[in-house]
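So the chains spell out like this:
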Amino acid sequence: MENKYIIELRNVTKSFGSVNAVDGISFGVRPGEVVGLIGDNGAGKSTLIKILSGVHPPDSGQIIVRGNEARNWNAARSRDAGIETVYQDRALAPQQTITRNIFMGREIKNRFGVIKVKTQYEEANRLMRDIGFTSKVFDPDSPVATLSGGERQGVAIARALYFDADLIVLDEPTTALSLVETAKVFGFVQNVRDRGRSIIFIGHNIYHVYDIADRFVVLDRGKVVMTADKDEIASAEVLMKHMQEFAEVAHADAGDA
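Residues numbered from 1 in each chain as written. Predicted model: local features only at pLDDT ≥ 70, side-chain atom pairs only at ≥ 80, totals over all residues. Heavy atoms only, no water.

Student: Would you take a moment to explain empty space enclosed by the protein for this structure?
Tutor: Once rolled over the atoms, a probe with the size of a water molecule shows which space is left empty. The tally for this structure, following the rule as stated, stands at one cavity of 30 Å³ or more. In this structure, the largest cavity spans a volume of roughly 50 Å³. Lining the largest cavity, in full, are Ile6, Ile7, Val65, Arg66, Ala81, Gly82, Ile83, Asp166 and Leu167. Its residues assigned to classes, the lining of the largest cavity comprises six nonpolar, one polar and two charged. (1 Å grid on protein atoms, 1.4 Å probe; cavity = no way out; pocket = protein on both sides within 12 Å on 5 of 7 lines; lining within 4 Å. Points joined across faces, edges and corners; volume = space filled by probe spheres on them. Nonpolar A, V, L, I, M, F, W, Y, C, P; charged D, E, K, R; others polar.)

The following block contains the structure:
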């Protein structure tokens, strides 16, 4: 039977000294869905991102990619599996053009090692339009410094898409953005999903996560304490109430221990 997940974690753990940052986490991501990953500071979100991106290998557990167990997991294997991560700082060079930022470090070159400038420009233009850049004010030669926060997030997403990412992990993509800029990021995410790619959307703002996600995974103290499809949760307020209830139970159990 075909595996329903493009990537799946099974009972994955990661400790740093006596701290169990990730403690037996299991969850998967289906093709073409947006998974909202939620949790307070210290819940394990950052460590989980780094495991998915191959920065930290898990101490134990399995990583399953399209039905096959991935061994010796590292950053190169994560990228080969089609996983790209966009961190909060987006790793962009503001004084460089959109094109340079998309291809930085992975330039398109001819057989003599010369960068194919025209090809890169054309590809950057296609990517910008594909994910929803509609303004004619910007083109691939526009410096990233002239873009808004939401548009810079779009450039980072476009970069991930060009390198055939099946799963894009967005780390707090709407932090410090206005409502208008947040709407732009949502538009980029929806366009990615419409093309059959998947997103893990990590956020503190429950309302943002609720609006954009198809499914929710809630972490607390390194454990998954709740998973739910959006049609099971009537509103962001209901989601928040469930999170509080699960957190109270988890903290009470920890106190008993």
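Let us keep going from here.
Student: Could you clarify how one ought to interpret the pattern of salt bridges in this entry?
Tutor: Applying the stated rule across the entire model yields 16 salt bridges. As a salt-bridge pair, Asp130 and Arg126 come within 3.1 Å of each other at their nearest N and O atoms. Of this pair, Asp130 and Arg126 both sit in helix H4 (residues 117-131), four residues apart, which is roughly one turn of that helix. On the accessibility criterion, Asp130 (27% relative accessible area) is partly exposed. (Salt bridge = Lys/Arg side-chain N within 4 Å of Asp/Glu carboxyl O. Helix = DSSP H or I, 4+ residues; strand = E, 2+ residues; numbered from the N terminus. Buried < 20%, exposed > 50% of the residue type's maximum accessible area, 1.4 Å probe, protein only.)

Student: Could you clarify how one ought to interpret the sheet that holds strand E6 (residues 83-86) in this entry?
Tutor: In any sheet, the strands associate via hydrogen bonds between backbone groups, in a parallel or an antiparallel arrangement. On the basis of which strands lie adjacent, the open sheet formed by six strands has the order E6-E7-E8-E3-E9-E10 and mixed pairing. In this open sheet, the two strands that pair with only one neighbour each are E6 and strand E10 (223-229). Strand-to-strand twist across the sheet, computed as the mean angle between neighbouring axes with direction ignored, equals 20 degrees. Taken together, the five bridges between strand E7 (residues 167-171) and strand E8 (residues 198-203) define a ladder with parallel strand orientation. Paired with Val169 across the strands is Ile200, a residue of E8. Strands E6 and E7 of the sheet are contacted by helix H5 (residues 149-162), whose axis makes an angle of about 155 degrees with E7. Against the sheet, helix H6 (residues 179-194) contacts strand E3 (34-38), E7 and E8, and its axis sits at roughly 150 degrees relative to E8. (Pairing = 2+ DSSP bridges. Axes fitted to C-alpha atoms, helices over the stretch in contact; angles between N-to-C directions. Contact = heavy atoms within 4.5 Å.)

Student: Please clarify how the layout of surface pockets should be interpreted in this entry.
Tutor: Its volume calculated, the largest pocket comes out at about 340 Å³. Forming the walls of the largest pocket are 19 residues, and the residues nearest its centre are Arg79, Glu84, Thr85, Tyr87 and Arg106. Considered class by class, the residues forming the lining of the largest pocket number ten nonpolar, three polar and six charged.

Student: In this structure, what is going on with the pairing of E6? I would like to understand it.
Tutor: Look at any regular strand and the pattern is simple: side chains alternate between the two faces of the sheet. Here E6 shows a buried face lined by Ile83 and Thr85 and a second buried face lined by Glu84 and Val86. Across four bridges, the pairing between E6 and E7 is parallel. Counted as the bridge partner of Thr85 is Val169 from E7.

Student: Looking at this structure, how should I read the sheet that holds strand E2 (residues 19-29)?
Tutor: The four strands lie next to each other as E2-E1-E4-E5, forming an open sheet whose pairing is antiparallel. Each edge of the open sheet is held by one strand with a lone partner, namely E2 and strand E5 (68-69). As paired elements, strand E1 (residues 7-16) and E2 share eight bridges and run antiparallel to each other. Residue Lys14 lies in a different strand from E2, and its bridge partner there is Val22. Helix H1 (residues 45-52) rests against E1, E2 and strand E4 (60-65) of the sheet, and its axis sits at about 120 degrees to E1.

Student: Is there a simple way to explain H5 in this structure?
Tutor: Counting along an α-helix, one turn takes 3.6 residues, and residues three or four places apart therefore face a common direction. Here H5 contains 14 residues, and its C-alpha end-to-end distance of 20 Å stays within 8% of the 20 Å for a straight helix at 1.5 Å per residue. Burial within H5 is extensive, with eleven of its 14 residues counted as buried. Listing the buried residues of H5 in full gives Gly150, Glu151, Gln153, Gly154, Val155, Ala156, Ile157, Ala158, Arg159, Ala160 and Leu161. Each element contacted by the buried residues of H5 is listed here: E6, helix H3 (98-103), H4, E7 and H6. Taken from the residues just after H5, Asp164 is the one with a positive phi, measuring 60 degrees. (Expected span 1.5 Å × (residues − 1).)

No statement about biological role is implied by the geometric values presented.
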